[in-house]
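# Coordinate inspection notes
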Amino acid sequence: SGKLNLKILNNVLLINFIGEEIYEIEDSFYRSKFLNSKIKGNINFKNNFFFDLNFLVNQINLKKLISNYNLFFKNKSNNYFEISKKINGAVSLSLKETSSFIGQISDLNFMLLFENGDLKINNGTANLNNGGLLKFNFFLIGKGKNQKINFNLDFNTKNASKIFRK
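Read on for an overview of the structure. In this text, all values refer to a predicted model and were calculated from it rather than measured experimentally.

## As for the environment of Asn 109
Inspection of the secondary structure puts Asn 109 in strand S9 (residues 103–115). Classification of Asn 109 by relative accessible area gives partly exposed; the value is 33%. Separated by 15 residues in the primary sequence, Asn 109 and Gly 124 have C-alpha atoms spaced 5.5 Å apart. Filtering out sequence-adjacent residues up to four positions away, Asn 109 remains in contact with Leu 93, Ser 94, Leu 95, Asn 123, Gly 124 and Thr 125. Within polar-contact distance, the side chain of Asn 109 engages the backbone oxygen of Asp 107 at 3.4 Å.

## With respect to the pairing of strand S3 (residues 22–31)
In the sheet, strand S2 (residues 11–19) pairs with S3 via 7 bridges, with the strands oriented antiparallel. When the bridges of S3 are listed, Leu 14 appears paired with Phe 29. Between S2 and S3, which pair antiparallel and follow one another directly, the connecting turn spans 2 residues. Pairing analysis gives 8 bridges linking S3 to strand S4 (residues 35–44), with the strands arranged antiparallel. Its bridge partner lying in S4, Ser 28 is registered against Ile 39.

## Notes on the pattern of salt bridges
What the rule picks out here adds up to 1 salt bridge. Lys 120 is the salt-bridge partner of Glu 115, the closest N and O atoms lying 3.2 Å from each other. Owing to a relative accessible area of 35%, Glu 115 belongs among the partly exposed residues under this scheme. Given a relative accessible area of 22%, Lys 120 falls into the partly exposed group.

## Some details on the nonpolar core
Nonpolar side chains tend to gather and get buried jointly when the protein is soluble and globular. Residues Leu 53, Leu 108, Phe 110, Leu 112 and Phe 114 are the most contacted members of the largest nonpolar core, which totals 28 residues. For this core, the secondary-structure elements that each account for two or more residues are S3, S4, strand S5 (50–60), strand S8 (89–100), S9, strand S10 (118–128) and strand S11 (132–141).

## Quick look at unusual backbone geometry
Located in the positive-phi region is Asp 27, a residue other than glycine, with phi close to 45°. Phi at Asp 107 takes a positive value of approximately 50°, unusual for a residue other than glycine. For Asp 107, the position within the fold is in strand S9.

What counts as what
- Residues numbered from 1 in each chain as written.
- Predicted model: local features only at pLDDT ≥ 70, side-chain atom pairs only at ≥ 80, totals over all residues.
- Heavy atoms only, no water.
- Helix = DSSP H or I, 4+ residues; strand = E, 2+ residues; numbered from the N terminus.
- Buried < 20%, exposed > 50% of the residue type's maximum accessible area, 1.4 Å probe, protein only.
- Contact = heavy atoms within 4.5 Å.
- Polar contact = N/O pair within 3.5 Å; in protein donor to acceptor, adjacent residues only side chain to side chain.
- Pairing = 2+ DSSP bridges.
- Salt bridge = Lys/Arg side-chain N within 4 Å of Asp/Glu carboxyl O.
- Core = buried A, V, L, I, M, F, W, Y, C linked by side-chain atoms within 4.5 Å.

Next up, the structure:
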């Protein structure tokens, strides 16, 4: 058991863990200039590296998050996103409320799945201001020129004119 406290470039990661080959994580958090989140779940080092984490987001800046995501996963030589095949696991993300370019978003929930270099966003739901509901799935599959994005968006609202005006 122990406590890992990392401070790198104004980012703070605190992980309280217990276990031997499978570590349980409780009372942990991640804070940066674009994200403030509580973390719980487990990380498995027994056979292969695998994680199953829950991020309960308190605060997020979507514009900064997307620009930082671009820095970590974009291959500079060919302009394609690449995620290591050794990163495998699931991250459940939930957010009570944030603002975005389309207005207020509340009750955002989705599952990020990392599988052998592929990224999947499954079972996403978000409540938009003015009574809109968005359901979504995104799949980033393949490498290099064979990379594809498959997605499904389902948008329902009773006040379409108010949402589409923005």
